[in-house]
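Descriptive structure summary
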Amino acid sequence: MVNYWIEGLKTVFEPYTFLMTVVGVLAGVVVGALPGITSSMGIILLLPFTYYMDPRVAMMMIVGLYCSSMFGGSISAVLLRTPGTPSAAATALDGYPLAQKGKAGKALSAALLASFAGGMISSVALIFLSPVLAKFALQFGPAEYFSLAIFGLTMVASVSKGNLLKGLISGFLGLLLCCVGVDNIGGRTRLTFGINALTMGFDFLPVMIGAFAVAEVIRKLEKREESYVIESKISDVFLTREEMKDILVPILFGSLIGVIIGVIPATGGTIATFLAYNELRRWHKKGNQFGQGVLEGVAVCESANNAVTGGAMVPLFSLGIPGDAVTAVMLGAMILIGLRPGPLLFVERPDVVYTVFAGWFVVQFLMLALGFLSIVFAPKILKIPPHILMPIILVLSIVGSYGLRNSMYDVAVALMFGFIGYIMERCKMPIAPMVLGIILGPYAEGNLNRALLISRNDWLIVFKRPISLVLLLAAFASIAFSLISSYREAKKRGA
Amino acid sequence: MIPASPRLRGGLSGGNLMTGDLILGIVIVAIAILFYSQTLGIKPAPIGLSSADFPRLITVVLMILGGLLILLSLLKIKRAKGGEKKRKIVEKGTLWRFIVLFVMFVLYIAFVDDLGFILTTIPFLFVALSLFSLKNIKNLIQNVIISVVVTLAIYFVFHKIFQVILPTFSL
């Protein structure tokens with residue numbers, strides 16, 4: 001175990017890995033800062049660069065982007081009142097009023113320190129919980145893996161924006177789309193409608209590029225924007241000792257909430273930040289000043305936001321099921337660079353696991369250093385005009401989908417799913433479950449087949465094995481819970 | 001009363017979320033039936049899953065979910081009694097930009113293998129930039145420069161540094 005840590009650290013500090021991590025962290029800050037470019041989109045755009053990289057280097061780059069984009073979101077939240085990432089929405093509540101008071105620099109410094117602390121504290125969950133959970137999951141058989149895939153899918157569908165029914169439809173559409181082409185079990189062609197090109201099926205990468213990146217470009221075509229106008233100036237970036245002291249408790253509180261929420265699948269940063277913010281406001285002595293521009297409000301959100309990152313990696317690493325859209329994309333990214341997240345990852349590729357563990361801390365320090373620089377240059381980052389950025393993203397999407405198998409078919413799929421993703425968004429149908437369905441589909445089908453082979457075609461096997469039953473019940477409970485809460489909301493609105 | 005169906009007059013207008021849901025539900029059920037019909041010729045496996053079993057399971061669930069969506073939207077429409085106002089789905093100008101972008105996608109895919117990445121991406125990027133620009137004429141030269149520089153830069157970075165093979169022009 002100690003050996004793995006040492007090896008991991010050595011890998012992280014190899015010049016090439018380190019350089020790529022720096023690139024990832026820098027890209028993350030920019031991606032996070034720019035409204036309209038989410039962390040998921042950032043990871044997708046980064047993928048073509050990683051096709052021929054060592055999986056450890058690629059993982060460091062992706063983790064760097066993921067963590068620092070969470071901080072980057074606060075830059076636009078503070079300066080523009082538009083959160084760069086959805087989870088930074090709560091940061092704007094106090095961040096923007098602070099910027100109006102001329103304290104944008106201090107607000108961003110507090111956000112950075114809180115992000116750093118949140119990220120560090122979240123490593124506890126990642127490092128201690130994921131191996132334990134992975135060890136437990138080693139007992140899983142095919143029936144459990146099938147139920148796990150269904151559980152993951154329903155969890156993401158039940159919390160996705162829009163509504164549960166559309167989320168589920170989106171997820172099952174994904175499962176259906178992954179069946180098109182050559183069948184993994186029997187090797188025969190199916191669902192191609194006699195169209196030759198469809199035998200290549202729908203790989204999840206072009207679908208992901210289309211639905212997350214191209215669709216966003218098309219959406220921006222509808223609402224074209226010139227460069228953002230930034231009114232506040234960044235001057236005083238250093239916090240006084242008093243201010244540091246003030247934000248300490250909010251940071252610890254936010255981190256705690258973030259870690260707990262992060263570990264629970266299908267929750268994510270937005271829930272964690274709003275929960276932490278509201279709870280702190282209730283009992284903090286400055287609670288009545290929240291919303292008018294206090295550093296505590298920024299600190300609690302940003303620490304919660306970044307504390308989610310380590311927690312959210314736990315189910316992804318140890319079980320292979322993602323908690324939200326970003327980790328769903330990360331699951332795809334990991335498969336693409338040759339890794340299969342899940343309990344076997346700890347047995348088969350401990351080098352990768354421990355590189356990420358060791359690298360997690362390095363990423364936080366890099367984020368602290370580069371984040372500080374980015375505060376100074378923040379207004380310049382936001383000056384990148386969307387009308388130039390979006391077409392470039394389109395070309396990067398084309399290169400990314402082409403590079404997968406050197407085939408224009410994948411580019412066509414990506415561009416087509418750009419339009420499909422746009423239409424889905426207009427219909428208020430969440431996209432993440434569909435992408436997750438395509439990723440998890442072959443895995444669900446393969447395991448269901450194995451379970452049936454073992455049980456000699458007993459379809460009830462998935463209910464007879466206790467862990468499998470618990471997972472299916474949990475999936476059912478998440479649907480029921482979501483139905484009840486939406487019913488209550490509708491009733492409240494009606495009243 | 002069911003509000004007017006989407007039609008083309010000054011852009012796509014008419015329709016609201018309820019009728020949208022109704023159409024969506026019908027489309028989902030239709031897709032599910034279409035895909036289910038594709039599995040009919042596949043022989044069952046003696047043990048384990050045949051190629052048809054998993055897609056059948058999924059399509060049946062989709063039919064149920066789509067049916068539920070239809071049912072719920074019909075209930076909502078009945079309750080609202082056409083009270084919800086019509087709203088424009090897409091503005092006319094945006095619709096044109098969508099069509100141009102779609103045509104560019106088709107042309108790009110059709111020509112990139114023969115003409116290569118650079119020769120097709122430069123005009124593609126130029127048109128895309130023009131679609132996004134608010135002041136078309138003023139930005140013309142800027143857009144030309146950006147299209148050329150960005151295309152060459154992307155080609156160099158991916159082709160030369162990251163070894164991603166991109167289509168090249170050959171006679």
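Residues numbered from 1 in each chain as written. Chains lettered and ligands numbered in written order. Predicted model: local features only at pLDDT ≥ 70, side-chain atom pairs only at ≥ 80, totals over all residues.

Tallying secondary structure elements over chain A gives 20 helices and two strands in all. At 22 Å, chain A has a C-alpha radius of gyration in line with the 23 Å of a compact globule built from 495 residues. By its C-alpha atoms, chain A is 70 × 60 × 45 Å across when sized along the principal axes. The buried share among the 495 residues of chain A stands at 62%. Contacts in chain A between residues far apart in sequence, at least 24 positions, make up 80% of those at least 6 positions apart. (Helix = DSSP H or I, 4+ residues; strand = E, 2+ residues; numbered from the N terminus. Rg over C-alpha atoms; globule rule 2.2 N^0.38 Å. Buried ≥ 20, exposed ≤ 12 C-beta atoms within 10 Å, placed from the backbone. Contact = placed C-beta atoms within 7 Å.)

Scanning chain B from terminus to terminus reveals four helices and two strands. A burial count over chain B gives 27% of its 171 residues as buried. A separation threshold of at least 6 residues defines the contact pool for chain B, and within that pool the share at least 24 residues apart is 63%.

Next up on the list: the interface of chain B and chain A. Listed as interface residues are 48 residues of chain B and, on the opposing side, 47 residues of chain A. Among the elements of the structure, helix 1 (17–38), helix 2 (53–80), helix 3 (92–132) and helix 4 (140–161) of chain B are those that each provide at least two residues to the side of chain B that touches chain A. If one sorts the elements of the side of chain B that touches chain A by residue count, helix 3 of chain B sits on top with 14 residues. Its residues placed into classes, the side of chain B that touches chain A shows 34 nonpolar, 12 polar and two charged. (Nonpolar A, V, L, I, M, F, W, Y, C, P; charged D, E, K, R; others polar.)

Both trends apply: most residues other than glycine have a negative phi, and most peptide bonds are in trans. Residues and elements named next belong to chain A. Phi is positive for F193, close to 55°, though the residue is something other than glycine. Judged by local crowding, F193 falls into the exposed class, with 10 C-beta atoms found within 10 Å. The phi dihedral of N406 falls on the positive side, at around 50°, and the residue is not glycine. Here N406 is to be found in the loop between helix 16 (386–405) and helix 17 (408–426).

Now for the environment of B:A52. All names here are of chain B. Of note, A52 is situated in the loop between helix 1 and helix 2. Remark: the alpha-carbon pair of A52 and V112, spanning 60 residues in sequence, is separated by 36 Å. Residues in contact with A52, not counting those within four places in the same chain, are T39 and I42.

Another aspect to go through is the packing of helix 9 (residues 204–222) of chain A against helix 13 (residues 325–336) of chain A. Residues and elements named next belong to chain A. In the contact formed by helix 9 and helix 13, the axes pass within 10 Å of each other and the chain directions differ by 145°. Crossing hand, helix 9 versus helix 13: left-handed. Of the residues in helix 13, those touching helix 9 at F204, L205, M208 and F212 are V329, G332 and L336. Its residues assigned to classes, the contact of helix 9 with helix 13 shows six nonpolar, one polar and no charged. (Axes fitted to C-alpha atoms, helices over the stretch in contact; angles between N-to-C directions. Left-handed = near helix turned anticlockwise from the far one by under 90°.)

Put simply, chain A has an average pLDDT of 88, and 97% of its residues get 70 or more. Mean pLDDT in chain A bottoms out at helix 20 (residues 466–494) of chain A, which sits at 81, and peaks at helix 2 (residues 15–33) of chain A, which reaches 94. (pLDDT = per-residue confidence, 0-100.)

As a further point, take the packing of helix 6 (residues 104–137) of chain A against helix 12 (residues 295–319) of chain A. All names here are of chain A. At their nearest, the axes of helix 6 and helix 12 sit 6 Å apart, and the two run at 25° to each other. The pairing of helix 6 with helix 12 is recorded here as roughly parallel in orientation. The crossing of helix 6 and helix 12 is right-handed. In terms of residue class, the contact of helix 6 with helix 12 is built from 21 nonpolar, 13 polar and two charged. (Parallel < 35°, antiparallel > 145°, perpendicular 65-115°, else oblique.)

What follows is about the nonpolar core. Residues A:I62, A:V78 and A:V435 are the most contacted members of the largest nonpolar core, which totals 212 residues. When residues of this core are sorted by domain, at least three fall in each of domain 1 (7–80) and domain 2 (92–161) of chain B. With residues near it in sequence (within four places) discarded, A:I62 still touches A:G24, A:I43, A:L46, A:M330 and A:A333. (Core = buried A, V, L, I, M, F, W, Y, C linked by C-beta atoms within 7 Å. Domains from an automatic or database assignment.)

The subject of this paragraph is helix 13 of chain A. All names here are of chain A. In this model, helix 13 (12 residues) spans 17 Å end to end at C-alpha, consistent with the 16 Å of a helix rising 1.5 Å per residue. With 10 of 12 residues buried, helix 13 lies mostly within the body of the structure. The complete set of buried residues in helix 13 reads A325, V326, T327, A328, V329, M330, L331, G332, A333 and M334. (Expected span 1.5 Å × (residues − 1).)

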